[in-house]
Structure formats: structure tokens, C-alpha cells
Amino acid sequence: MDLIKAIIIAIIEGLTEYLPISSTAHMGFTASLMGMPEDEFLKMFQVSIQFGAILSVVVAYWKKFFDLKNLQFYFKLAFAVVPALVLGYLFDDKIEAVLGNQIAISSVLVLGGVVLLFADKWFKNPRIDDEKGITIKKAVTIGFWQCLAMMPGTSRSAASIIGGMTQGLTRKAAAEFSFFLAVPTMLAVTVYSVFVKTWGKETANPQKGYEMIMSSQDHIVIFIIGNIVAFIVALIAIKAFIGVLNKYGFKPWGWYRIFVGIALLIYFYFFQ
């Protein structure tokens, strides 16, 4: 993987991680369109640059994350992330098997777009406009909704935001809690994928996980720059998304998913 392509992938990750359009799908499509081979380092890089996106949320909402007096906030995140940790571990192999199926992912992108077109009509009377109004029970429910994103193309952000709105949250409150929940979820996925899953496998090839990153100076540079780029772009995307969501709702993202999904279905079905 050359540095330019790595930066492009990192930009895509930063732009799409917190938007309801599926970062996994967009990174996979981008890599495929650039002709990048699906090797182990590419897979690990796409996971590892989530670390930069994680930091962007912590920085953007640093007062919330470092408010040690609000222990309920940490309890909510701890309980809400459990469903994803358990189900993600149980179905990890099945999820990975779908990652290379661009037709399936494109189809899910379209179906998710249709759902977003109607999301604003389904939840018209929100009652909770702040994280403090979210009970642990509601947080866990949102955590289960987040698990829908285990199907690549669904979007973790879309699933958890809609999950929040089913619990009476406003669009803004649901989006922000989705950002908060992303931190422990993505941190767990990154650590597991980079330092446990790939590095810990029994294999004749020692270039796995952490060792894969450290195997060459080029890999180290790509890893560091990729995370910096993902951090900066995600920081900008978070603020922009809240503004668009408040003003226009989910419809722009729904139409985007549908158009992009159909275009990619045509491309991968007829030209790949």
C-alpha cells in the first residue's frame, strides 16, 4: 500500500465513520476502485485508523469524557457496549466472510437508504434532548440496535442513531450518544483486530497485527499518517453532520445511500 492510497482511505474513514452511510462499505469500495489487493495489511489498516476517528470524538466532546463527577455517563457507555462485544465476538468469522462481497454490501447500502427516507416520519415526538435523560436501560437498548451494523453496509452510526430515536431521543441527542458509544465500541474492535485477532493467530507467517505495523518503516509511517488524517477529517465531519442532521434530517443521507448503492451494484455486477 502506497502512502497516497493510504491517505485516501483515511480521508474516507474520517468522513464516513460518524455519518449514517457506512464507513466499512465506503473504505471497501474505495480500495476496490483503486485496485488495491485485499491483503492482511489493508484489512488491518482499515481497522487501525479507527483509532484516529475515536480520538476525534474524545477531543470534540472532551468536557463530557473527562467529567469524572458524571459517573452515570461511563456506566451507560459500559452497559451499552456489551451487546456489540458479545455478538461481535460470536459472529466475527461470519461478518468477515461478508466483507469481500461488494454486491451484498451495496444492496444493504440501498436498503438502509430507504429506511433513512422514512426515519424522520417514524419518530415525531422526541422527549429526550440530552445524554442525562438516557437511562441505562435505554442505553442498553441502543447498544442492541448498534449490533445491526455488524452487517457490513448497514452503518453503525445509522443503527445507533435510529436506536436512540426509538427511545425518545431527539436527532441531535441520538447522534451525540452514537458518537459517545462509538468510542468504547471502536476501541474494542481496534484492539481486538490489531493486537489479539491477527497477532495472536497461529500462523506460519509472523507478519501479523502489531508486528505487521512494525515490520517496516513504510508501514509505521502509513499507520501514523493514516490515523492523523482520519482524526482531522472526522473532527470536521462530526460538527458538520450535526448541523445537517438538525436542518435537513435523514433524507439527504437516505438518497445518498440509494444513489451510491445502485451505482455500485451496477459497477460490481457488470464490470467486476
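Above this text you will find the structure in question.
Structural notes, computed from the coordinates. These numbers were taken from a predicted model, which means no experiment stands behind them.

**Brief notes about the overall build of the protein**
In step 1: Scanning the protein from terminus to terminus reveals 14 helices and zero strands.
In step 2: Out of the 272 residues belonging to the protein, those deemed buried represent 49%.
In step 3: A separation of at least 24 residues holds for 79% of the contacts in the protein among residues at least 6 apart in sequence.

**Brief notes about unusual backbone geometry**
In step 1: Residue Ser22 is not a glycine yet carries a positive backbone phi of 75 degrees.
In step 2: Its place among the elements puts Ser22 in the loop between α1 (3-16) and α2 (23-33).
In step 3: Using a relative accessible area of 4% as the deciding quantity, one classes Ser22 as buried.
In step 4: Look at Ser155: it is not a glycine, yet its phi comes out positive at around 95 degrees.
In step 5: Its place among the elements puts Ser155 in the loop between α9 (136-146) and α10 (156-166).
In step 6: Given the relative accessible area of 5%, Ser155 is considered buried.

**Focus: the packing of aromatic side chains**
In step 1: Taken as a whole and assessed by the stated rule, the structure comprises 14 aromatic pairs.
In step 2: Their ring planes at 85 degrees and their centres at 5.7 Å tell us that Phe65 and Phe180 sit as a pair that is edge-to-face. Here Phe65, found in helix α5 (residues 62-65), pairs with Phe180, found in helix α11 (residues 171-200); they are 115 residues apart in sequence, far enough to count as distant. Each member of the pair, Phe65 together with Phe180, is buried.
In step 3: Through pairs of rings, three or more aromatic residues link up here, namely Tyr18, Tyr61, Phe65, Phe73, Tyr74, Phe179, Phe180, Phe241 and Trp253.
In step 4: The ring of Phe73 is capped by Lys64, whose NZ or CZ atom sits 5.7 Å from the centre of that ring.
In step 5: Here the basic side chain of Lys239 rests over the ring of Tyr61, its NZ or CZ set 5.1 Å away from the ring centre.

**Some points on the pattern of salt bridges**
Where charged atoms of side chains with opposite charge meet at close range, the side chains can pair.
In step 1: In the structure shown here, the tally under the stated rule is four salt bridges.
In step 2: With a shortest N-O distance of 2.8 Å, Glu131 and Lys64 are connected by a salt bridge. Within this pair, whereas Glu131 is found in the loop between α8 (102-122) and α9, its partner Lys64 is found in helix α5, the two being separated by 67 residues in sequence. Judged on exposure class, the residue Glu131 and its partner Lys64 are both buried.
In step 3: Arg171 is the partner of Asp120 in a salt bridge, and the nearest nitrogen-oxygen pair spans 3.0 Å. Taken together, the residues span a long stretch of sequence, with Asp120 in helix α8 and Arg171 in helix α11 at a distance of 51 residues.
In step 4: The class of Arg171 is partly exposed, set by a relative accessible area of 25%.
In step 5: Beyond isolated ion pairs, a larger network of salt bridges with shared partners links Lys64, Lys76 and Glu131.

**Notes on the nonpolar core**
In step 1: Membership of the largest hydrophobic core comes to 41 residues, with the highest contact counts inside it found for Tyr18, Tyr61, Phe65 and Phe179.
In step 2: Of all the secondary structure elements, the ones that give two or more residues to this core are α4 (50-60), α6 (71-90), α8, α9, α10, α11 and α13 (217-248).
In step 3: When near neighbours in sequence (up to four residues on either side) are disregarded, Phe65 contacts Val57, Val58, Phe73, Tyr74, Leu77, Phe180 and Val183.

**Observations concerning the packing of α8 against helix α14 (residues 251-270)**
In step 1: The contact between α8 and α14 brings their axes to 7 Å, and the two run at 160 degrees. The angle between α8 and α14 places the two elements in the roughly antiparallel class. Read as a crossing pair, α8 and α14 show a hand that is left-handed.
In step 2: Grouping the constituent residues of the contact of α8 with α14 by class yields 16 nonpolar, seven polar and three charged.

Calculation rules
- Residues numbered from 1 in each chain as written.
- Predicted model: local features only at pLDDT ≥ 70, side-chain atom pairs only at ≥ 80, totals over all residues.
- Heavy atoms only, no water.
- Helix = DSSP H or I, 4+ residues; strand = E, 2+ residues; numbered from the N terminus.
- Buried < 20%, exposed > 50% of the residue type's maximum accessible area, 1.4 Å probe, protein only.
- Contact = heavy atoms within 4.5 Å.
- Phe/Tyr/Trp six-rings, centres within 6.5 Å; stacked < 30°, edge-to-face > 60°.
- Lys NZ or Arg CZ within 6 Å of the ring centre and 35° of its normal.
- Salt bridge = Lys/Arg side-chain N within 4 Å of Asp/Glu carboxyl O.
- Core = buried A, V, L, I, M, F, W, Y, C linked by side-chain atoms within 4.5 Å.
- Axes fitted to C-alpha atoms, helices over the stretch in contact; angles between N-to-C directions.
- Parallel < 35°, antiparallel > 145°, perpendicular 65-115°, else oblique.
- Left-handed = near helix turned anticlockwise from the far one by under 90°.
- Nonpolar A, V, L, I, M, F, W, Y, C, P; charged D, E, K, R; others polar.

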